[in-house]
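Chain by chain, the residues run as shown.
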Amino acid sequence: MTNVQKVDKPDKQKALNHLLVKLQEAETSVIMEGTVSADELEKELGRVIT
């Protein structure tokens with residue numbers, strides 16, 4: 001079973017907002033540079049998504 005931590009709503013919203021910003025940056029990178037590095041995205045996100 002997955003180890004899931006209960007997160008307060010403000011913390012959850014903050015993490016979601018951070019993720020959306022990083023995804024927007026990745027989309028812009030793909031448009032401008034034609035590529036995105038999954039390793040770099042994970043590094044920026046601090047491995048938020050596992």
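Summarised in this report is the structure supplied together with it. (Residues numbered from 1 in each chain as written. Predicted model: local features only at pLDDT ≥ 70, side-chain atom pairs only at ≥ 80, totals over all residues. Heavy atoms only, no water.)

## Here we look at the packing of helix H1 (residues 9-33) against helix H2 (residues 38-45)
For any two helices packed against each other, the geometry comes down to the angle between their axes and how far apart the axes lie. Rule in force here: Axis lines are fitted to C-alpha atoms, over the contacting stretch for helices. Their N-to-C directions set the angle, which ranges from 0 to 180 degrees. What counts as a helix is a DSSP run of H or I of at least four residues, what counts as a strand is a run of E of at least two, and both are numbered from the N terminus. Convention used here: angles under 35 degrees read as roughly parallel, angles over 145 as roughly antiparallel, angles from 65 to 115 as roughly perpendicular, and any remaining angle as oblique. Rotating anticlockwise by less than a right angle from the far helix to the near helix defines a left-handed crossing, while the corresponding clockwise rotation defines a right-handed one. Here, residues are in contact when the closest pair of their heavy atoms is within 4.5 Å. Charged residues are taken to be Asp, Glu, Lys and Arg, nonpolar residues to be Ala, Val, Leu, Ile, Met, Phe, Trp, Tyr, Cys and Pro, and polar residues to be all remaining types, Gly included.
Contact pair H1 / H2: the axes reach a minimum separation of 11 Å and the direction vectors enclose 150°. With respect to H2, the axis of H1 lies roughly antiparallel. By crossing handedness, the relation of H1 to H2 is classed as right-handed. Across from His18, Leu19 and Lys22 in H1, the residues of H2 making contact are Leu41, Glu44 and Leu45. Its residues placed into classes, the contact of H1 with H2 shows three nonpolar, one polar and two charged.

## Here's the deal with the side chain of lysine 22
Cut-off, in case you're wondering: Only protein chains enter the area calculation, which uses a 1.4 Å probe; residues under 20% of their type maximum are buried, those over 50% are exposed, and those in between are partly exposed. Under this definition, polar contacts are N or O atom pairs within 3.5 Å; protein pairs additionally need one hydrogen-donor-capable and one acceptor-capable atom, and for neighbouring residues in sequence, both atoms have to be side-chain atoms.
Within the secondary structure, lysine 22 is located in helix H1. Under the relative-accessibility criterion, lysine 22 is labelled buried at 11%. Here glutamate 25 takes part through its side chain, which lies 3.3 Å from a polar atom of the side chain of lysine 22. Among all residues touching lysine 22, those that are not within four sequence positions of it are Leu41, Glu44 and Leu45.

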